[in-house]
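Examination of the molecular architecture
What follows is the residue order along each chain.
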There are 2 protein chains.
Amino acid sequence: MGHYSSRMDTMPVSFLREILKAANSGKIISFAGGLPDESLFPGNDLKNASIKVLEEQSAKALQYTVTEGYQPLREWIAERYYKTRGMTVSPSEILITSGSQQALDLIGKVFINKGDPLLMEGPGYLGAIQAFSAFEPTLISIPVNQDGIDIPLLEKALLHNPKLLYLGSSFQNPTSICYSENIKNRLASQLASTNTFIVEDDAYGELSFDGTYKSLIKQLLPDKTILLGSFSKIISPGLRIGWIVAEESLIRKLTLAKQATDLHSSNFNQMLICQYLKENNPDKHINTIRQHYQYKMQLLYDTLCKALPPSIAIHKPEGGMFIYLNLPPSVNADELLDKCLKHNLVFVPGKYFFPDPGLATGNGIRVNFSCVPPEDIIHGGTLLGRLISEEVNTSS
Amino acid sequence: MGHYSSRMDTMPVSFLREILKAANSGKIISFAGGLPDESLFPGNDLKNASIKVLEEQSAKALQYTVTEGYQPLREWIAERYYKTRGMTVSPSEILITSGSQQALDLIGKVFINKGDPLLMEGPGYLGAIQAFSAFEPTLISIPVNQDGIDIPLLEKALLHNPKLLYLGSSFQNPTSICYSENIKNRLASQLASTNTFIVEDDAYGELSFDGTYKSLIKQLLPDKTILLGSFSKIISPGLRIGWIVAEESLIRKLTLAKQATDLHSSNFNQMLICQYLKENNPDKHINTIRQHYQYKMQLLYDTLCKALPPSIAIHKPEGGMFIYLNLPPSVNADELLDKCLKHNLVFVPGKYFFPDPGLATGNGIRVNFSCVPPEDIIHGGTLLGRLISEEVNTSS
């Protein structure tokens with residue numbers, strides 16, 4: 001009836017609900033999620049912080065505020081980059097957003113005209129595909145290898161003069177890979193002479209299992225990189241607080257777009273997080289998360305190694321929340337999912353992490369471990385390995 | 001350099017910062033705000049509610065959740081409409097948003113293609129102009145009279161086949177007027193046979209000074225009206241929780257747009273508000289706000305009546321947060337503002353509440369009372385009245 005906007009025709013629907021409908025009886029083991037482990041949320045410390053904020057500054061916390069965000073929180077984030085990466089960022093180069101997802105929406109608003117070419121990782125973060133799609137760009141997918149984006153194919157794609165290149169340089173969703181120093185340097189020198197901005201999504205940067213920090217592309221190309229961060233993976237996603245780091249004139253544009261979008265992110269939540277950070281030891285807390293996720297990853301890795309045929313190599317992640325399994329071409333991921341569903345087991349086929357699932361390359365599946373209980377990791381991982389082995393054997 | 005999207009060229013900049021730069025020395029009396037009185041925020045009750053939520057349900061409150069919103073909160077809102085307006089709404093017809101402002105952004109996303117005609121009130125809510133402008137519509141302004149939108153001019157504008165008509169039927173921002181039953185009925189019968197959806201913003205509906213509720217256009221044209229509500233004026237704007245009421249198939253579209261925009265609104269804040277509503281008497285709290293605003297309105301009204309020349313009629317609002325003064329054509333609102341700024345007094349000229357301030361009709365100024373201390377209302381109101389009188393006398 002032509003009543004809705006044309007962008008509604010191209011916005012991808014979340015497939016997860018459809019999948020879960022097919023597995024509606026009995027207990028489901030889900031490797032399909034992407035949630036943090038909620039047993040790690042600092043509920044009690046946040047309670048104490050909320051008491052303090054509402055006892056001492058309730059008028060400020062509950063009132064409207066400026067779009068840019070709570071200044072002490074912007075200062076904490078700036079200091080954090082200096083501490084973890086030796087990177088100098090001014091608080092005025094930081095805009096607080098309603099989670100990292102909103103950062104993507106605001107970047108889309110500020111940059112994308114209908115039809116503008118935009119480079120994405122293939123596979124890459126589904127939420128970015130959804131957010132950018134609302135502005136009707138032409139999404140071009142560049143394959144991601146074990147050490148980062150494919151540089152020769154990136155070079156070719158840059159001929160389209162894309163407005164943006166979106167990527168996750170550390171523990172990327174869905175593959176958990178990290179860009180090597182070599183790839184980061186080559187990418188930076190390729191981009192330096194173009195008009196393309198890099199959107200570097202670092203939502204998982206704190207989740208390295210060994211506690212080290214990868215360098216950022218932002219450090220190589222500061223003026224052309226828009227860096228995204230989030231408290232979702234290290235404190236709580238339910239508070240919906242993330243941020244954008246960009247040079248000041250761009251922050252002003254993004255602030256204008258945010259003002260039109262939701263005025264500002266919850267002031268109470270910003271002050272709550274700030275109070276929590278001040279009164280606790282976030283490094284200690286983040287270390288606990290790292291160790292817990294490393295333990296779960298190792299459990300899943302060992303289980304899969306045991307259950308899978310030796311012909312399938314498993315890349316062991318150094319951080320993040322997922323193992324990405326590259327299946328042999330003979331195994332059809334959709335058929336495997338159907339089979340798993342009959343056993344009340346769910347994962348996400350890799351094709352959903354491409355702008356057009358019909359044009360997906362590779363044959364991966366994303367297996368989440370962060371929010372799966374250890375007994376389910378063992379039981380589900382063994383089952384998944386067995387079902388993949390059966391598919392491999394049937395086809396051979 | 002053509003790097004940013006074309007929507008950034010048309011998005012209106014907030015003028016308030018510029019105004020305040022001009023009045024940067026000494027104490028400013030500001031009638032320019034639109035904030036609730038923060039002394040009325042239920043800080044202590046929210047503290048108790050937050051303790052309960054974080055003690056009993058912290059894992060749920062701090063985790064990711066569904067885009068639609070927290071089900072018990074949707075149920076409370078549905079019941080509230082039945083209680084206050086006798087209107088039956090299903091919780092599945094409600095989408096929780098990050099404030100009312102986000103509702104406008106999502107509606108823009110779902111409906112507006114570049115160039116689509118859209119009808120706005122003139123004067124009308126500036127935030128709606130900003131939110132919709134991001135989608136590059138053709139905004140058409142329909143004058144607002146003391147009893148609502150101008151029906152003959154609306155009829156004419158409907159010939160453009162607009163996608164949306166945005167309005168505030170009760171205590172509208174900036175004029176505080178209410179639509180009469182007659183205007184609501186005529187509007188509904190005019191719209192019934194068109195393809196135009198009504199966006200009825202009811203952010204101020206609870207703020208009637210006598211505690212009564214105006215009927216909603218939503219009740220006359222339920223399928224074609226998208227109704228917006230908010231906790232910002234009755235609990236706290238800093239929590240950023242509002243909602244959209246629309247028929248279910250449209251809620252599904254809006255939910256898809258919201259998922260791409262920010263995944264969901266803070267689950268913690270939704271549960272916090274729900275807990276507060278359950279454990280307290282919101283009607284009693286809202287009555288306190290009403291009485292307080294009525295007292296301040298009366299103070300400003302009496303002060304202005306005394307200070308203004310009798311030729312200027314003041315419409316006394318029945319609710320809301322503003323008095324809208326219609327100045328004689330001989331007084332230039334911009335020059336008056338310049339003069340006021342020299343006395344450290346600020347208000348908002350009515351022209352800023354039009355899509356194109358250069359094409360504004362009428363000669364009004366918006367004077368806020370909700371967040372102004374009583375002594376400033378008297379001092380500032382007297383000064384404003386004197387300066388207007390001087391302008392009237394100079395020109396006569």
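Quick note: structure is the one above.
So, here is what we can say about the structure in this document. (Residues numbered from 1 in each chain as written. Chains lettered and ligands numbered in written order. Predicted model: local features only at pLDDT ≥ 70, side-chain atom pairs only at ≥ 80, totals over all residues. Heavy atoms only, no water.)

1. A look at the packing of helix α6 (residues 99–111) of chain B against helix α11 (residues 248–262) of chain B
All names here are of chain B. The contact between α6 and α11 brings their axes to 9 Å, and the two run at 110°. Relative to α11, α6 is oriented roughly perpendicular. For the pair formed by α6 and α11, the contact residues are Q102, D105, L106, I107, K109, V110 and F111 on the first element and L250, K253, L254, A257, K258, T261 and D262 on the second. Looking at the contact of α6 with α11 residue by residue, the classes come out as 7 nonpolar, 2 polar and 5 charged. (Axes fitted to C-alpha atoms, helices over the stretch in contact; angles between N-to-C directions. Helix = DSSP H or I, 4+ residues; strand = E, 2+ residues; numbered from the N terminus. Parallel < 35°, antiparallel > 145°, perpendicular 65-115°, else oblique. Contact = heavy atoms within 4.5 Å. Nonpolar A, V, L, I, M, F, W, Y, C, P; charged D, E, K, R; others polar.)

2. Remarks on the pairing of strand β7 (residues 197–201) of chain A
Residues and elements named next belong to chain A. Most of β7 is tucked away, with 5 of its 5 residues classed as buried. Both faces of β7 are covered, namely the face carrying F197, V199 and D201 and the face carrying I198 and E200. Bridge count between strand β6 (residues 164–167) and β7: 4 bridges; the pairing is parallel. Directly across from L165, in β7, lies its bridge partner I198. Regarding the hand of the β-α-β motif, the stretch spanning β6, helix α9 (residues 181–192) and β7 is right-handed. With 4 bridges connecting them, β7 and strand β8 (residues 225–230) associate as parallel partners. (Buried < 20%, exposed > 50% of the residue type's maximum accessible area, 1.4 Å probe, protein only. Pairing = 2+ DSSP bridges. Right-handed = clockwise from strand over helix to strand, strands pointing away.)

3. Some points on the nonpolar core
Counting residues in hydrophobic clusters, the biggest one holds 162 residues, and the most contacted among them are F231 of chain A together with F231 of chain B. Beyond its immediate sequence surroundings of up to four residues, F231 of chain B is in contact with L73, W76, I77, S236, I241, W243, I273 and L277 of chain B. Among the nonpolar cores identified, the runner-up in size contains 64 residues, and A128 of chain A together with L95, L106 and I226 of chain B belong to it. (Core = buried A, V, L, I, M, F, W, Y, C linked by side-chain atoms within 4.5 Å.)

4. Concerning the sheet that holds strand β3 (residues 117–122) of chain A
Residue and element names in this part refer to chain A. Spatial ordering of the open sheet is given by β2-β9-β8-β7-β6-β3-β4-β5, a layout of 8 strands whose pairing is mixed. Of all strands in the sheet, those with a lone pairing partner are β2 (94–97) and β5 (148–149), marking the two edges. Where helix α7 (residues 126–133) meets the sheet, it contacts β3, β4 (138–145) and β6, and its direction lies at approximately 165° from that of β3.

5. Looking at the packing of aromatic side chains
All names here are of chain A. Counted under the stated rule, the structure contains 13 aromatic pairs over all chains. Summarising the aromatic geometry, the rings of Y204 and F322 are spaced 6.3 Å apart at their centres and angled 70° between planes, so their arrangement reads as edge-to-face. Residue Y204 is found in the loop between β7 and α10 (217–220), and its partner F322 is found in strand β10 (residues 322–326); the two are separated by 118 residues along the sequence. Using a relative accessible area of 9% as the deciding quantity, one classes Y204 as buried. (Phe/Tyr/Trp six-rings, centres within 6.5 Å; stacked < 30°, edge-to-face > 60°.)

6. Observations regarding the interface of chain B and chain A
If you look at the interface, chain B gives 71 residues, while chain A gives 71 residues. The largest per-residue losses of area from chain B upon contact with chain A belong to H3, Y4 and L62 of chain B, which jointly make up 12% of the total buried on that side. Counting every contact that joins chain B to chain A gives 4 salt bridges. Its salt-bridge partner being E55 of chain B, residue K47 of chain A comes within 2.8 Å of it at the nearest N-O pair. Viewed at the interface, chain A and chain B are joined by 46 residue pairs in polar contact (both at pLDDT 80 or more). Secondary structure elements with two or more residues in the side of chain B that touches chain A: α1 (7–10), α3 (43–56), α4 (58–62), α6, α7 (126–133), α11 and α12 (267–279) of chain B. (Buried area = accessible area lost by both parts, 1.4 Å probe. Salt bridge = Lys/Arg side-chain N within 4 Å of Asp/Glu carboxyl O. Polar contact = N/O pair within 3.5 Å; in protein donor to acceptor, adjacent residues only side chain to side chain.)

7. Notes on unusual backbone geometry
Omega for the bond connecting N173 of chain A with P174 of chain A falls within 30 degrees of zero, at 20°, which places this linkage in the cis form. Mapping P174 of chain A onto the fold places it in the loop between β6 and α9. Residue G122 of chain B is joined to P123 of chain B through a cis peptide bond whose omega torsion reads 0°. Within the secondary structure layout, P123 of chain B lies in the loop between β3 (117–122) and α7. With a phi close to 65°, S176 of chain A is a non-glycine residue in the positive phi region. Take S176 of chain A: it is sitting in the loop between β6 and α9. One non-glycine residue, L263 of chain B, adopts positive backbone phi at about 65°. Tracing the backbone shows L263 of chain B in the loop between α11 and α12.

8. Concerning the environment of K83 of chain B
Within the secondary structure, K83 of chain B sits in helix α5 (residues 71–85). A C-alpha to C-alpha distance of 17 Å links K83 of chain B and P222 of chain B, two positions 139 residues apart in sequence.

9. Some points on the pairing of strand β8 (residues 225–230) of chain B
Residue and element names in this part refer to chain B. A large share of β8 lies buried, amounting to 6 of its 6 residues. A two-sided burial pattern is seen for β8, the buried positions comprising T225, L227 and G229 on one face and I226, L228 and S230 on the other. Relative to strand β9 (residues 242–245), β8 is paired through 4 bridges, and the arrangement is antiparallel. Residue L227 lies in a different strand from β9, and its bridge partner there is V245.

10. Description of the pattern of salt bridges
Any two side chains of opposite charge can pair, given that their charged atoms come close. A complete count under the given rule lists 38 salt bridges over all chains for this structure. Where E390 of chain B meets R386 of chain B, a salt bridge forms, and the shortest distance between an N and an O atom there is 2.9 Å. Note that E390 of chain B and R386 of chain B are positioned in helix α15 (residues 374–395) at a spacing of 4 residues, about one turn of the helix. Look at R386 of chain B and you get partly exposed, because its relative accessible area is 40%. Ionic contacts of the salt-bridge type, sharing partners, join the residues R80, K83, E206, D283 and R290 of chain A into one network.

11. Here we look at the relation of the copies chain B and chain A
Relating one copy of the chain to the other requires a rotation about an axis plus a shift along that axis. After a rotation of 180° and a shift along the axis of 0.0 Å, chain B superposes on chain A with an RMSD of 0.0 Å. Taken together, these values place the two copies in the relation of a two-fold axis. By residue overlap, the copies meet face to face through one surface: 100% of the interface positions of chain B are interface positions in chain A. (Least-squares fit on C-alpha atoms with pLDDT ≥ 70 in both.)

12. Details of the sheet that holds strand β12 (residues 348–349) of chain A
Whenever strands of a sheet pair, they do so through backbone hydrogen bonds, lying parallel or antiparallel. Residue and element names in this part refer to chain A. The strand order across the open sheet formed by 3 strands is β10-β13-β12, and the pairing between neighbours is antiparallel. The open sheet terminates on both sides in strands that have one partner only, identified here as β10 and β12. In terms of strand pairing, β12 meets strand β13 (residues 364–368) through 2 bridges, oriented antiparallel. Residue pairing across strands places V348 opposite R366, the latter belonging to β13.

13. With respect to helix α15 (residues 374–395) of chain A
With 22 residues, α15 of chain A should cover 32 Å at 1.5 Å per step; its first-to-last C-alpha distance of 31 Å lies within 8% of that length. For α15 of chain A, the set of buried residues is D376, I377, G380, G381, L383, L384, G385, L387, I388, S389, E391 and V392 of chain A. (Expected span 1.5 Å × (residues − 1).)

14. Re the side chain of K218 of chain A
Residues and elements named next belong to chain A. Tracing the sequence through the fold places K218 in helix α10. Looking at K218, its side chain comes within polar contact range of the main-chain oxygen of T225, at 2.9 Å. Dropping the residues within four chain positions of it, K218 is found in contact with M87, E200, T225, L227, V245, A246 and E247.

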